[in-house]
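Structure at a glance
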Amino acid sequence: LIAGAVAGMVSRTVVSPLEVLSTIAMVSSSTHVGLRESIQTIFREQGIKGFFRGNLANCLKVAPTKGIQFVAFEGFKKLMYQLREVRSAKRQL
């Protein structure tokens, strides 16, 4: 559970600058601000922290979901291996 939550938070943190730029592009679509200008403006006005705005909220949203997803996936994978073993044992009979 914890491994999935941590993995989800790390992935969100890595992608956070791209999400910030994407959000700015969507909001300022009427002014046609380019990527370079957006990066320069964020860095000049907010520093490196500006690229991670909203990341905590994203991590708090993603951590439980990815944790549960990871546990469910591992449980399902274990179940599939057990079913495969049962089927192969039946075939050998």
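The structure displayed is predicted, hence computed values, not measured ones.

1. With respect to the side chain of Ser38
Within the secondary structure, Ser38 sits in helix α2 (residues 35-46). Classification of Ser38 as buried rests on a relative accessible area of 7%. When sequence neighbours within four positions are dropped, the list of residues in contact with Ser38 reads Leu21, Ile24 and Val33.

2. Considering the pattern of salt bridges
This model, assessed by the stated rule, comprises 2 salt bridges. Arg12 is the partner of Glu19 in a salt bridge, and the nearest nitrogen-oxygen pair spans 2.6 Å. Glu19 sits in the partly exposed class, given a relative accessible area of 26%. Between Glu74 and Lys77 there is a salt bridge; the shortest N-O distance is 3.4 Å. A residue pair is termed a helical-turn pair when its members lie 3 or 4 positions apart in one helix, as Glu74 and Lys77 do in helix α3 (residues 55-92) at 3 residues. Relative accessible area serves as the criterion here: at 30%, Glu74 is assigned to the partly exposed category.

What counts and what doesn't
Residues numbered from 1 in each chain as written. Predicted model: local features only at pLDDT ≥ 70, side-chain atom pairs only at ≥ 80, totals over all residues. Heavy atoms only, no water. Helix = DSSP H or I, 4+ residues; strand = E, 2+ residues; numbered from the N terminus. Buried < 20%, exposed > 50% of the residue type's maximum accessible area, 1.4 Å probe, protein only. Contact = heavy atoms within 4.5 Å. Salt bridge = Lys/Arg side-chain N within 4 Å of Asp/Glu carboxyl O.

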